[in-house]
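# A look at the structure
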Amino acid sequence: MTLAPSLKLPTITAIRAYSMGGAAATIHGQGGGDYHDQGKDHWIDDHIATPMSKYEEYKQSRQSFGINVLGTLVVEVEASDGTTGFAVSTAGNPGCFIVEHHLSRFVEGKRVDQIKLIHDQMLNSTLFYSGGGGVVINTISCVDLALWDLYGKVLHLPVYKLLGGAVRDTIHFYATGARPDLAQKMGFIGGKMPTHWGPADDDEGIAKDIAMLADMRERVGDDFWLMFDCWMSQTVNYATKLAHAAAPYKLKWIEECFPPNQIESYRQLKKNMPAGMLMTTGEHTGTIEGFKELSDAGVDILQPDVGWCGGVTSLCEIAAIAKSRGQLVVPHGSSVYSHHAVITFTNTPFSEFLMTSPHADSLRPQFDPILVGEPVPEGGIMTAEQLDKPGFGVELNRDCPLERPFRH
Ligand SMILES: C[C@H](O)[C@H](O)[C@@H](O)[C@@H](O)C(=O)O
Ligand SMILES: [Mg+2]
């Protein structure tokens, strides 16, 4: 049976890569796809514990050691019928180079529906230098997201309908930020706080983060979820002690205690930690093989970032790994790019909203200002209806200081 003429799909005629912020830019602190690239006096850069915290000079600010060095990558793809799609992620100028001088050959000339073929060619052709994660996978993810956006805009359908449709009418959110008490008032189901101390501070550090947890528990009462985000900063011994000290304050989960490849540390912490407390991680893991290893280690909630794990195409595969073991997949905050996926997953009962307002006291869209029409949860909830626009339902803010450093 041949396709009806109306279903003769266009081909991709061009792919372009832009950057904003990052070390190579003249304008910084704009936010955008690299949401750590914020201005001064922002909770997201205030003495948060990291693997660099053992160095006094890098303890106060993550920007001081370069968390925002890459900047935003914007990938734009254009079809032969004139439709364009785009997406953003964290990869900046390095990502622009990879798109323009390497990945473009797998994209231009293909039909807009050949997303999985392009995805496989991008993953396999970069294996010799990707190391299975980091800026290369972030870049591949951004191309994959742009392709799904284009496909939806060509068919005039939201991405979640291309993925098989919603399994629930709403998405409930927890909030990540310095003020879970304010998040509670905004209607969120929980608040995830960054830890501020680590192994270099030993028991004194544990006492300080537990004091923060105890104060917040006092403010929010017993039923509101409270979680720690440890951003790869700990050792098994420190994480074990912190988890047990946090149990009396009903810490719901302890997140990303170790670097992504320390699978054995996650396996050991799972054995050591208090029964009932959840162990979560995944935002810095870039391959489905890596997520299978974390799943094997007993991680309760896998937390891929759809802009850093291979895009929607990989996120769906990761969700299946978790589902096969009765585990949850709750993507790291990535705005519309994860909303459209999670509303189609039966093992994603809630999702993350990352507060990018400087004092975590107002609802600023996560990738502000680069996405026009980026929705935020209302009362801690987002409806499928809010997603009912073609593609991911957002447009590129061309007033942002975008640069195109390379051309193929
Ligand atoms: C708040 C955390 O330190 C990170 O900045 C955040 O991006 C990530 O870990 C998260 O889970 O939201
Ligand atoms: Mg995290």
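These remarks concern the structure in this document. (Residues numbered from 1 in each chain as written. Chains lettered and ligands numbered in written order. Predicted model: local features only at pLDDT ≥ 70, side-chain atom pairs only at ≥ 80, totals over all residues. Heavy atoms only, no water.)

Here we take up the overall build of the protein chain. Across its full length, the protein chain carries twelve helices and 14 strands. Taking 2.2 N^0.38 as the reference for a compact globule, 408 residues should give roughly 22 Å; the C-alpha atoms of the protein chain span a radius of gyration of 21 Å, in line with that estimate. Counting only C-alpha atoms, the protein chain reaches 65 × 45 × 40 Å along its principal axes. Within the span of the protein chain, comprising 408 residues, buried residues form 59% of the whole. Considering only contacts in the protein chain between residues 6 or more positions apart, those separated by 24 or more positions represent 71%. When the accessible surface of the protein chain is totalled, it reaches about 15500 Å², and 54% of it is carbon and sulfur. Once the 33 positive and 48 negative side-chain charges of the protein chain are each reduced to a mean point, those two points are 4 Å apart. (Helix = DSSP H or I, 4+ residues; strand = E, 2+ residues; numbered from the N terminus. Rg over C-alpha atoms; globule rule 2.2 N^0.38 Å. Buried < 20%, exposed > 50% of the residue type's maximum accessible area, 1.4 Å probe, protein only. Contact = heavy atoms within 4.5 Å. Areas by Shrake-Rupley, 256 points an atom, 1.4 Å probe, with all protein chains shown as cover. Lys, Arg positive; Asp, Glu negative; His and termini not counted. Charge placed at Lys NZ, Arg CZ, Asp CG, Glu CD.)

This brings us to the nonpolar core. If you look at the biggest cluster of nonpolar residues, it comprises 111 residues, and the most contacted ones within it are Val143, Phe228, Ile254, Tyr337, Ile370, Leu371 and Phe392. In terms of residue count, helix α4 (residues 134-155) provides more of this core than any other element does, twelve residues in total. With near-sequence residues (within four places) excluded, Tyr337 lies in contact with Phe86, Ala87, Val88, Leu145, Val306, Val312, Phe367, Leu371, Phe392 and Val394. Counting six residues, the second-largest nonpolar core is a separate cluster that includes Tyr174, Ile301, Val330 and Phe350. (Core = buried A, V, L, I, M, F, W, Y, C linked by side-chain atoms within 4.5 Å.)

As a further point, take unusual backbone geometry. Of the consecutive residues Asp368 and Pro369, the connecting peptide bond is found in the cis state with omega at 10°. Note on placement: Pro369 falls in the loop between β11 (351-354) and β12 (371-372). Even without being glycine, Lys250 reaches a positive phi, approximately 55°. Within the secondary structure, Lys250 sits in the loop between α8 (236-246) and β7 (251-255).

Here the focus is the packing of α4 against helix α11 (residues 311-323). The relative placement of two packed helices is expressed as an angle between their axes plus a distance between the axes. Put simply, α4 and α11 touch, their axes get as near as 6 Å, and they point 100° apart. With respect to α11, the axis of α4 lies roughly perpendicular. Counted together, Ser141, Asp144, Leu145 and Trp148 of α4 and Gly311, Val312 and Thr313 of α11 form the full contact between these two elements. Of the residues assigned to the contact of α4 with α11, the class counts are three nonpolar, three polar and one charged. (Axes fitted to C-alpha atoms, helices over the stretch in contact; angles between N-to-C directions. Parallel < 35°, antiparallel > 145°, perpendicular 65-115°, else oblique. Nonpolar A, V, L, I, M, F, W, Y, C, P; charged D, E, K, R; others polar.)

Mapped onto the elements of the fold, Thr72 is located in strand β2 (residues 72-79). Given the relative accessible area of 0%, Thr72 is considered buried. Discounting residues that sit within four places of it in the chain, Thr72 has contacts with Tyr18, Ser19, Met20, Gly31, Gly32, Gly33, Asp34, Val88, Ser89, Gly92 and Ile370.

The contact between α8 and helix α9 (residues 263-272) brings their axes to 10 Å, and the two run at 30°. Compared by their axis directions, α8 and α9 come out roughly parallel. In this structure, the crossing between α8 and α9 has a hand that is right-handed. Side by side, α8 and α9 meet where Val236, Ala239, Thr240 and His244 of the first sit next to Ser265, Gln268, Leu269 and Asn272 of the second. Here the contact of α8 with α9 is built from residues that sort into three nonpolar, five polar and no charged. (Left-handed = near helix turned anticlockwise from the far one by under 90°.)

What follows concerns the coordination of the magnesium ion (ligand 2). Within the protein, Asp229 (OD), Glu255 (OE) and Glu283 (OE) serve as the donor atoms for the magnesium ion (ligand 2), at 2.0 to 2.1 Å. In primary-sequence terms, the residues that donate to the magnesium ion (ligand 2) follow D-x25-E-x27-E. Of this pair, Glu255 sits in strand β7 while Glu283 is found in the loop between β8 (278-281) and α10 (288-296), placing the two residues 28 residues apart along the sequence. Grouping residues by exposure puts Glu255 and Glu283 together as buried. (Donors = N, O, S within 2.8 Å, 3.2 Å for Na, K, Ca; no water.)

Following the criterion strictly, the structure yields 22 salt bridges and no others. Taking the shortest distance from any N to any O, the salt bridge between Glu264 and Arg267 comes out at 3.0 Å. Linking Glu264 with Arg267, this pair stays in helix α9, spanning three residues, or about one helical turn. What you see here is one network of salt bridges that share partners, running through Arg16, Glu76, Glu78 and Arg398. (Salt bridge = Lys/Arg side-chain N within 4 Å of Asp/Glu carboxyl O.)

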